[in-house]
Amino acid sequence: MKKITASILHRYEIFDICNQINKLNSLNELYCSYPKYEVIKYGIPKQKIKTFIKYELLTRINDYFWKKNFYFSKYDFFLTNYFDIKISKVINQNFDIFYGSGGMCLETFKILKPGIIKVFHSASMHIYTKKKLMINAGYNPDKIIDKEMENKYLKEIDRADYIICTSEHSYKSYLENKISEEKLILNPSGIDTERFYYNCIFDRDDDNFKFLFVGNLSLRKGGNKLLDAYIKIRNKNTKL
């Protein structure tokens, strides 16, 4: 049985992935920035968690002043790189596969022993495609992403043995940017059906056509386009 070690600053879907890996008895360790009492809520055994909380505190302070404008600034690069360097210095390399997240694993990739498989987790599209879409959405092309951060993403993609894409449009964006199909694995994000399930009490009991938007109200998430569309079509039988 292959043993997998993962590393992530913040949480994202990596905790859920580690939960599933652990159910297969393949999780070796998870290096993260969340406190252990939060991580174990995702079904990850306490003894397999290595946590470094100060990096979480630093990034949350940065996020507070950053105001969620979705630019990848030099501060974002510094903090993710700071975490990455820390993990590269403390990681126990007694495993078969390293699972790292975009922008947070280059320094760790560099120090891994020969034979350890390097996996790059891409929760979004290729960085070039993401930049293009954000410019089209109205973001300042000169501020979208710090150059050092962009270069780090590209180097991680190059060094990785495999790239996990969590959606078809993400998968296609890598192909469009000349990434070998042999490196790509399409593994669509799923849901925890024990937490999210059908309940008949939420069935619609009227004739209203309802729109539901879940996410940050920002250019990146398309909230402005939804509002524009809703203004054009709304009537007494629609609800947002």
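Check the entry above for the structure.
Remember, predicted model here, so these are calculated numbers, not experimental data.

Asks: What exactly am I supposed to notice about the sheet that holds strand 2 (residues 27-32) here?
Replies: Sheet strands pair via backbone hydrogen bonds, and the direction of the pair is either parallel or antiparallel. The strand order 3-2-1-4-5-6-7 describes an open sheet built from seven strands, whose pairing is parallel. Each edge of the open sheet is held by one strand with a lone partner, namely strand 3 (49-51) and strand 7 (184-186). Between one strand and the next, the sheet's axes are offset by a mean angle of 20°, whatever the strand orientation. Where strand 2 meets strand 3, three bridges bridge the pair, whose relative direction is parallel. If you follow Leu30 over to strand 3, its bridge partner there is Ile49. Strands in contact with helix 7 (residues 147-159) are strand 4 (97-101), strand 5 (117-122) and strand 6 (162-165); relative to strand 5, the strand with the most contacts, it is inclined by about 135°.

Asks: Got a minute to help me understand helix 4 (residues 74-90) in this structure?
Replies: Every α-helix carries 3.6 residues per turn, so stepping three or four residues along brings you back to the same face. Relative to the 24 Å expected for 17 residues at 1.5 Å per residue, helix 4 spans 25 Å between its end C-alpha atoms, a close match to the ideal helical length. When we look at burial in helix 4, the residues that qualify are Asp76, Phe77, Leu79, Thr80, Asn81, Phe83, Asp84, Ile87 and Ser88.

Asks: How should I be thinking about the packing of aromatic side chains in this particular structure?
Replies: Geometrically, a pair of aromatic rings is defined through the distance of the ring centres and the angle of the planes. By the definition in use, this model includes 10 aromatic pairs. Their ring planes at 85° and their centres at 5.5 Å tell us that Phe15 and Tyr34 sit as a pair that is edge-to-face. Here Tyr34 lies in the loop between strand 2 and helix 2 (36-39) and Phe15 lies in helix 1 (residues 14-23), a separation of 19 residues in the sequence. Here Tyr34 falls in the buried class, since its relative accessible area comes to 14%. Considering the side-chain rings of Phe78 and Tyr82, the 5.6 Å spacing of their centres and the 20° angle between planes classify their relative orientation as stacked. Taken together, the positions of Phe78 and Tyr82, both in helix 4 and four residues apart, correspond to about one turn of that helix. Among the residues examined, Phe78 registers a relative accessible area of 51% and is labelled exposed. One aromatic cluster is present, built from ring pairs that chain together Tyr55, Phe78, Tyr82 and Phe83.

Asks: Quick question: what am I supposed to make of helix 6 (residues 127-137) here?
Replies: Within the span of helix 6, buried status applies to Ile127, Thr129, Lys130 and Met134. The buried residues of helix 6 all sit within an arc of 155° when viewed along its axis, so they share a single face. The outward face of helix 6, more than 90 degrees from its buried face, is lined by the exposed residues Lys132 and Asn136. On the buried face of helix 6, the contacting elements are helix 7 and helix 8 (168-176). Of the residues trailing helix 6, Gly138 is marked for its positive phi of about 120°.

Conventions and cut-offs
Residues numbered from 1 in each chain as written. Predicted model: local features only at pLDDT ≥ 70, side-chain atom pairs only at ≥ 80, totals over all residues. Heavy atoms only, no water. Pairing = 2+ DSSP bridges. Helix = DSSP H or I, 4+ residues; strand = E, 2+ residues; numbered from the N terminus. Axes fitted to C-alpha atoms, helices over the stretch in contact; angles between N-to-C directions. Contact = heavy atoms within 4.5 Å. Expected span 1.5 Å × (residues − 1). Buried < 20%, exposed > 50% of the residue type's maximum accessible area, 1.4 Å probe, protein only. Phe/Tyr/Trp six-rings, centres within 6.5 Å; stacked < 30°, edge-to-face > 60°. Arc of directions from axis to C-beta.

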